[in-house]
Amino acid sequence: MKKKADGLTSQEKENIEKALWDLVKIKDVDIFDFITTSIAHYLEADYAFISILPKHKNGQVETISFFANGRIKEPYHYKLTGTPCASVIKQTDILAFEKDVQHTFLDDKDLVAMNIQSYIGAPLTDANNHVIGLMSVMCCRPLKKNLFVEKIFTVYRSRASIELARLIQEKISKKSKQKLLDMVDKDALTQLPNHRALMVELSQFIKKQRFETKHAAVLYIDINNFKEINDIFGHIAGDTVLIETAKRLSKLCRKGDFIARVGGDEFILLANHLSNPNDAGRVARRIIYHLSRAIPTDENSINITISIGIAIIPSSKTSTSRLIEYADVAMYEAKKTGKNSIRYFTQTLKVEYKRKKTIANLLSSALKKKEFSLVYQPIIDITNNTLFGMEALLRWHNPELETVNPEEFIPIAEEKNLIQAIGDFVFHSACNQLERWNQHAKNNELKLSINFSPLQLSYHQADKHILSILKDKNILKKQLIFELTESTMIEKQTPGLDTLNALSKAGIDFALDD
């Protein structure tokens, strides 16, 4: 069709006028869904969405309308970092990536999952010209930003900005107000009650249980290796898995039960009216059976496994947070025994849990109070019955706990991010001792073996940190042997090979010990 002097065809002009007129006439429909559907229609785009920016800088962006492949779909959340959207909100005007957008944003797995070739977006602003959101279209083919695209974007961008500002300021319809009220107690993605709503309901469960003859239980449900689903299939597929999991769990709820989403891949079921505690296990097995069926997504079919921890709600007074912790501890014990496993919180686990909490609390101040010490175990070369070296062994003596085995407190130190500070103490102390031995030795041939947590070597520039400590020590690097536990390395999947190679090249030896 022939372009007019102003750069638009008669059909394009007609479409722009129709878009303006439709926005004037619109009523009784969701304005955001109308805008995404309309702009996708006029630009023949495969996807269109309007997103609201998070309150916090590192938060996730939430789509308030998402048009995909001919229809409105469930809103979803995504990380802004590494996406075209992150570039859009830094602009004042329309930003276009007309082709090969996947090659520009290599970390955006959703672009690959949806086969996106082109992306055009614009920031949405309030009356003070502050960016509050964005509007974007995406195509599975190249899309050029011509004059018509700019005009259509301007039409819908203006209205979307006004409506989004109105939504944020709560000058909205009764229906939208209710949505905002629901957000206080509901999870935006799955529409299940959230952690806040769970705690209120659990408090009521506990009060009722004092007068009940039947039993009740907290079932903590965790999807195993959920991060891998997001990494392999993309966040849209991950959201689909969460939504479908929530639907299946809701269907399994009996009268009086309560289900909530309490974390990224975690759900809690409050099971009521149980004839005996064993019934909670039967409920858990039903959950495993129904969640083991494959979950279909747009591109794939995904199978998940879960771990379930069970805490029976006692008739005696117990805090809501403590019950959640008990179920959480049992869930992590279930994870240790394998996929699709169930574990009750037992009296034995309770004793272990209390001791672990005590250790964690006292461990944080142990260094400051100088409760750690090293002992040295000789290493004998059995071929000639001579001293080969020494192994530095960490000991912790606490006035309350007395002597604590390293096998017990080291995993807790790793979990509480205390291992770096404790590891530095061990390394400094052991090297100082080796220096003293070297002063009295004819040569520096004595080897010193030091136990290292793989996590110590996974920190940023760990090799440079270790080598900087050795600069001021009168010892040879070849005298050192860093001993790593083989099973821990496999489990933690650390440290990085670059760190190991750098330390090995410097002359430090490594040994695996299990």
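Scoring rules and cut-offs
- Residues numbered from 1 in each chain as written.
- Predicted model: local features only at pLDDT ≥ 70, side-chain atom pairs only at ≥ 80, totals over all residues.
- Heavy atoms only, no water.
- Pairing = 2+ DSSP bridges.
- Helix = DSSP H or I, 4+ residues; strand = E, 2+ residues; numbered from the N terminus.
- Axes fitted to C-alpha atoms, helices over the stretch in contact; angles between N-to-C directions.
- Contact = heavy atoms within 4.5 Å.
- 1 Å grid on protein atoms, 1.4 Å probe; cavity = no way out; pocket = protein on both sides within 12 Å on 5 of 7 lines; lining within 4 Å.
- Points joined across faces, edges and corners; volume = space filled by probe spheres on them.
- Nonpolar A, V, L, I, M, F, W, Y, C, P; charged D, E, K, R; others polar.
- Parallel < 35°, antiparallel > 145°, perpendicular 65-115°, else oblique.
- Left-handed = near helix turned anticlockwise from the far one by under 90°.
- Phe/Tyr/Trp six-rings, centres within 6.5 Å; stacked < 30°, edge-to-face > 60°.
- Salt bridge = Lys/Arg side-chain N within 4 Å of Asp/Glu carboxyl O.
- Buried < 20%, exposed > 50% of the residue type's maximum accessible area, 1.4 Å probe, protein only.
- Expected span 1.5 Å × (residues − 1).
- Polar contact = N/O pair within 3.5 Å; in protein donor to acceptor, adjacent residues only side chain to side chain.

Enquirer: Quick question: what am I supposed to make of the sheet that holds strand S13 (residues 306-313) here?
Expert: Through backbone hydrogen bonds, the strands of a sheet pair up, either in parallel or in antiparallel fashion. Spatially, the five strands line up as an open sheet ordered S9-S10-S8-S13-S14, and their pairing is mixed. Looking at strand neighbours, the two that pair on one side only are strand S9 (258-261) and strand S14 (341-344), the edges of this open sheet. Going across the sheet, the axis of each strand differs from the next one's by a mean of 20°, ignoring polarity. In terms of strand pairing, S9 meets strand S10 (residues 266-274) through four bridges, oriented antiparallel. Opposite Ala260, over in S10, you have Ile268 as the bridge partner. Sitting on the sheet, helix H8 (residues 195-209) touches strand S8 (215-223), S9, S10 and S13, and the angle it makes with S10 is about 20°.

Enquirer: I would appreciate a short explanation of the pairing of strand S15 (residues 372-381) in the present structure.
Expert: As a general feature of sheets, a regular strand has side chains that alternate between the two faces. Pairing geometry for S15 and strand S16 (residues 386-398), over ten bridges, is antiparallel. Residue Val375 lies in a different strand from S16, and its bridge partner there is Leu393. Between the antiparallel neighbours S15 and S16 lie four residues, among them Asn385 with a positive phi of about 55°.

Enquirer: How should I be thinking about empty space enclosed by the protein in this particular structure?
Expert: A water-sized probe rolled over the atoms picks out the places where empty space is left. All chains considered together, the criterion is met by one cavity of 30 Å³ or more. There is about 30 Å³ of room inside the largest cavity. Around the largest cavity, the lining residues are Phe205, Lys208, Gln209, Glu212 and Asn272. Split into classes, the residues belonging to the lining of the largest cavity amount to one nonpolar, two polar and two charged.

Enquirer: Which parts of the structure should I look at to understand the packing of helix H15 (residues 419-440) against helix H16 (residues 462-471)?
Expert: In helix packing, the relevant descriptors are the interaxial angle and the interaxial distance, both defined with respect to the helix axes. Running from N to C, H15 and H16 point in directions that differ by 30°, and their axes come no closer than 11 Å. Considering the angle they form, H15 stands roughly parallel to H16. Both H15 and H16 take part in a crossing whose hand is right-handed. Across the interface between the two elements, Gln420, Asp424, Phe427, His428 and Cys431 of H15 pack against His465, Ile466, Ile469 and Leu470 of H16. Residue classes in the contact of H15 with H16 are distributed as five nonpolar, three polar and one charged.

Enquirer: Is there a simple way to explain the packing of aromatic side chains in this structure?
Expert: Aromatic ring pairs are described here by two measures, namely the spacing of the ring centres and the angle between the planes. Under the defined criterion, the tally for this structure stands at 19 aromatic pairs. Taken together, the ring pairs in this structure connect Tyr47, Phe49, Phe66, Tyr76 and Tyr78 into an aromatic cluster.

Enquirer: What should I look at first to understand the packing of helix H2 (residues 31-43) against helix H6 (residues 147-168) in this one?
Expert: Taken N-terminus to C-terminus, the directions of H2 and H6 make an angle of 170°; their axes are 10 Å apart at the nearest point. Relative to H6, H2 is oriented roughly antiparallel. Of H6, the residues touching H2 (which contributes Ile31, Phe32, Ile35, Ser38, Ile39, Tyr42 and Leu43) are Phe148, Val149, Ile152, Phe153, Tyr156, Arg159, Ala160, Glu163, Leu164 and Leu167. For the contact of H2 with H6, the residue count by class is 14 nonpolar, one polar and two charged.

Enquirer: What exactly am I supposed to notice about the pattern of salt bridges here?
Expert: Think of it this way: side chains of opposite charge can pair up when their charged atoms draw near. Following the criterion strictly, the structure yields 19 salt bridges and no others. Taking the shortest distance from any N to any O, the salt bridge between Asp187 and Arg261 comes out at 3.0 Å. With Asp187 in the loop between helix H7 (174-185) and H8 and Arg261 in strand S9, this pair connects stretches of sequence that are 74 residues apart. Assessed through its relative accessible area of 14%, Asp187 is described here as buried. Arg282 is paired through a salt bridge with Asp279; the nearest N and O atoms lie 2.2 Å apart. With Arg282 and Asp279 both in helix H11 (residues 278-291) and three residues apart, the pair spans about one turn of that helix. According to the relative accessible area criterion, Arg282 is partly exposed, its value standing at 42%. Note on Asp279: relative accessible area 15%, which makes it buried. Overlapping salt bridges, with partners in common, bring together Arg159, Glu163 and Arg166 in one network.

Enquirer: What is the right way to look at the side chain of Lys447 in this model?
Expert: Examined against the element boundaries, Lys447 turns out to sit in strand S18 (residues 447-451). For Lys447, the residues in contact, after removing those within four places along its chain, are Phe388, Gly389, Met390, Lys478, Gln479, Ile481 and Asp509.

Enquirer: What should I look at first to understand H2 in this one?
Expert: An ideal rise of 1.5 Å per residue puts 18 Å on 13 residues; H2 measures up with 18 Å between its terminal C-alpha atoms. By the burial criterion, the buried members of H2 are Ile31, Phe32, Ile35, Thr36, Ser38, Ile39, Ala40, Tyr42 and Leu43. Here the buried face of H2 lies against helix H1 (10-25), strand S1 (47-52), strand S2 (60-68), strand S3 (71-73), strand S7 (131-139) and H6. One side-chain oxygen of the residue at the start of H2 lies 2.9 Å from the amide nitrogen of Phe32, identifying that residue as Asp30.

Enquirer: Is there a simple way to explain the pairing of S13 in this structure?
Expert: Among the eight residues that make up S13, seven are buried, leaving the element largely enclosed by the rest of the structure. Sheet topology places S8 next to S13; eight bridges connect them, and they run antiparallel. Opposite Ala216, over in S13, you have Ile313 as the bridge partner. Note: S13 against S14, four bridges, orientation parallel.

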